[in-house]
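An overview of the molecular structure
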Amino acid sequence: MQNTISKMLVAFLFSIIIVTFLSCNSQEEDSDIIEIDITDGDRNEKEFKLSEIVDDVEYIKLETRNDCFISNGRFDISENFLLISNRYHPSQVMLFKRDGRLHTLIGEQGKGPSEYITTHPQAKIAPNEEWVIVHDSDAKKLPQYSKDGTFLRSYVYSQTADNRLSDFKINSDQQIVLIFYRPMEAVEQYPILRILDENLTLVEESFHISKQKSNGYDSAGKATLLIENDELFLREGFYDTLFQKKENQFVPKYHFNYTDNSPTSYFSPISKKFDTFIWLSMIGKYFMCQTVLYIDDGTISTYFCNRETGEIVRPSNDNTLNDIDGFGEVWISPDEPKGFVIKALDVINLKEKLGEGDYLTELIFPEKQKQLIQLIEESSIDDNAIVRVFHLKEYNQ
C-alpha cells in the first residue's frame, strides 16, 4: 500500500513538472512576440529631427521636356535609375537616369493590352534594372516592360470586382510579391499573398483566409507588405499583428496596441467615426505607424517606434523637422521605396521660399543646403521639378 502511494506521489510530482515545463515553454514562445503600444507616443510628443533617420541627401534636377513634366508622382529608385509614376497630368510612368536625363517613357494610358487605364499608376523597377512592372488598378493587371519601354507581358490578377491588390514589391530574386485586400464577399481559403516570378508566372499562394460576407460597411484597409534583409513581413489592413514569413509559415512577430484593434469602417452609418491604426512601414531603425481619425474629415497622426530602444515618439505637428537642408518639413509616405524618402520639389515654391528666407539655417549638412540653393538659382520657373532623395540610415537587425 505504502509503495503504491509512493508511486502515485511520484507520478503526481512528475505531472506537475511536465505542466510547469510546458507552461514556461509557452511563455517563452509568447515572449517572442514584441509588444508595441502606439499610444505611448501620445505621452511622448516632441520634435523629431530628420537627421534621426537620414544620413545623406542627393538632388536630381529632372530634364525639362514637354513629355516628362511631373506633377504628383510616386517614386522608385535603383542604382542607375529614378522611376516616377506621375498621376493625373499626365498619368504616365517615366524612367529617368539618376542624373536627371529622361531615359524613356514606360507605356501609356489606353485600353490596349500594352497600356494602362488608371489615372494613378504605381510602378517599380526590378533590382537587376532589366524591367519595370506597373500596377493598373482599374484593369486589375500588372503590365511588364523592358527598361527601354518595350511591352513584354501582362499578369491579370482578377476578373472579379472583389479582388483588389493592396501593394506589391520586387524582392532580390526578381520575384513580384503581391498582397491583397481582405475581400468583402464570403471566401474560403483565399490567398492574401501571391508571388510571381520575373516572367509573371504564379509560383506561390499563401496566407489563406476564410470569412463570411461583409455587411456592406466593413473594410480591411490597405495591407502592409514589408521586405527587410530578404525577410518578408505581412499585416492585414487595420489589424494589429505583423507576421513574419519563416519557411512556409507566417508567425506573429510584432503586436501593435491601438484602440480596440478591430476592423472598422470608413463609412459607418452608426458611429460616424473611424479611428484606427492604418499604415505601417519600416524607416531605418524605426517603425513608422500612422493612425487615422475620421469624423468629418481625416486626421493623420504619425508615430516613430525605435526598434532598438523601444521608445515611441509622436513628432510635433506630425512632421519631421528638416535639419538636413532646411527647406520645408518632410512628410514621410508609407510607401516610400526601401532605404529612401523621395520628394519632388516645385521650382516656383522653392524660389518663393528662398526669396522670403523661409528655411532653416541650423543644419546637419549646411553644404547640402548650399547645393540646393545653387540649383534653385540656376533653375527657371518653367523648369521641371528638382527631386530630393534622402538616404536612410542603414539598420541591421
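See the structure printed just above.
Here we summarise the structure given alongside this text.

1. Let's talk about the overall build of the chain
Assigned secondary structure in the chain consists of three helices and 25 strands. Relative to its full complement of 397 residues, the chain shows a buried share of 48%. Sequence-distant contacts, at least 24 apart, represent 53% of the contacts inside the chain between residues at least 6 apart. As displayed, the chain has an accessible area near 19900 Å², and 48% of this comes from carbon and sulfur atoms.

2. Here we look at the sheet that holds strand β3 (residues 54–61)
Overall, antiparallel pairing links the three strands, which are arranged β3-β25-β24 in an open sheet. Two strands lie at the open edges of the sheet, namely β3 and β24 (340–345), each paired on one side alone. Across this sheet, the average inter-strand angle for adjacent strands is 20°, counted without regard to direction. Note: β3 against strand β25 (residues 386–392), seven bridges, orientation antiparallel.

3. Things to note about the nonpolar core
Residues I176, L178 and L193 are the most contacted members of the largest nonpolar core, which totals 29 residues. When residues of this core are traced back to their parent elements, those giving at least two are β9 (131–135), β12 (165–170), β13 (176–180), β14 (187–196), β15 (202–211), β16 (224–228) and β17 (231–235). Per-element accounting of this core gives the leading share, six residues, to β14. Among all residues touching I176, those that are not within four sequence positions of it are W131, F168, K169, I170, R194, I195, L196, D197, E198 and L200.

4. Observations regarding the packing of helix α2 (residues 347–356) against helix α3 (residues 366–378)
Between α2 and α3, whose axes approach to 10 Å, the crossing angle comes to 115°. With respect to each other, α2 and α3 are oriented roughly perpendicular. Handedness of the crossing formed by α2 with α3: left-handed. Of the residues in α3, those touching α2 at L350, K351 and L354 are I373, I376 and E377. In terms of residue class, the contact of α2 with α3 is made up of four nonpolar, no polar and two charged.

5. Examining α2
Sitting at the amino-terminal end of α2 is D346, which places a side-chain oxygen 3.1 Å from the backbone nitrogen of I348. Within two residues after α2, G357 carries a phi angle of roughly 70°, on the positive side.

6. Some details on the pattern of salt bridges
Under the defined criterion, the tally for this structure stands at 19 salt bridges. Notably, a salt bridge pairs D67 with R65, separated by 2.7 Å at the nearest N-O pair. Its relative accessible area of 33% is what places R65 among the partly exposed residues. Via salt bridges that share partners, E63, R65 and D67 belong to a single interconnected network.

7. Thoughts on the pairing of strand β19 (residues 249–257)
Here strand β1 (residues 34–37) runs beside β19; their pairing, made up of four bridges, is parallel. In the sheet register, D37 faces β19, and the bridge partner there is N257. With six bridges joining them, strand β18 (residues 241–246) and β19 adopt antiparallel strand pairing. Looking at the pairing, K246 lines up with Q249 of β19. Between the end of β18 and the start of β19, which pair antiparallel, lie two residues, with E247 showing a positive phi angle near 55°.

8. So, the sheet that holds β19
Taking strand neighbours across the sheet as the criterion, the five strands line up as β1-β19-β18-β17-β16 in an open arrangement whose pairing is mixed. Strands with a single pairing partner mark the edges of an open sheet, and in this sheet they are β1 and β16. Across the sheet, the axes of successive neighbouring strands diverge by a mean angle of 25°, strand direction being ignored. Where β16 and β17 come together, five bridges link them in antiparallel fashion. Bridge pairing links T224 to R235 in β17.

9. Here's the deal with the side chain of K343
Relative to the helices and strands, K343 resides in strand β24. From its side chain, K343 meets the backbone oxygen of W331 in a polar contact 2.9 Å long. With residues up to four places along the chain from it excluded, the contact list for K343 reads F75, V330, W331, I332, S333, E336, I386, V387 and R388.

10. Quick look at the environment of F69
One can find F69 in the loop between β3 and β4 (73–77). Sequence-distant contacts of F69, that is, excluding residues within four places in its chain, are made with T64, N86, H89, P90, M94, D382, D383 and N384.

Procedures and definitions
- Residues numbered from 1 in each chain as written.
- Predicted model: local features only at pLDDT ≥ 70, side-chain atom pairs only at ≥ 80, totals over all residues.
- Heavy atoms only, no water.
- Helix = DSSP H or I, 4+ residues; strand = E, 2+ residues; numbered from the N terminus.
- Buried < 20%, exposed > 50% of the residue type's maximum accessible area, 1.4 Å probe, protein only.
- Contact = heavy atoms within 4.5 Å.
- Areas by Shrake-Rupley, 256 points an atom, 1.4 Å probe, with all protein chains shown as cover.
- Pairing = 2+ DSSP bridges.
- Axes fitted to C-alpha atoms, helices over the stretch in contact; angles between N-to-C directions.
- Core = buried A, V, L, I, M, F, W, Y, C linked by side-chain atoms within 4.5 Å.
- Parallel < 35°, antiparallel > 145°, perpendicular 65-115°, else oblique.
- Left-handed = near helix turned anticlockwise from the far one by under 90°.
- Nonpolar A, V, L, I, M, F, W, Y, C, P; charged D, E, K, R; others polar.
- Polar contact = N/O pair within 3.5 Å; in protein donor to acceptor, adjacent residues only side chain to side chain.
- Salt bridge = Lys/Arg side-chain N within 4 Å of Asp/Glu carboxyl O.

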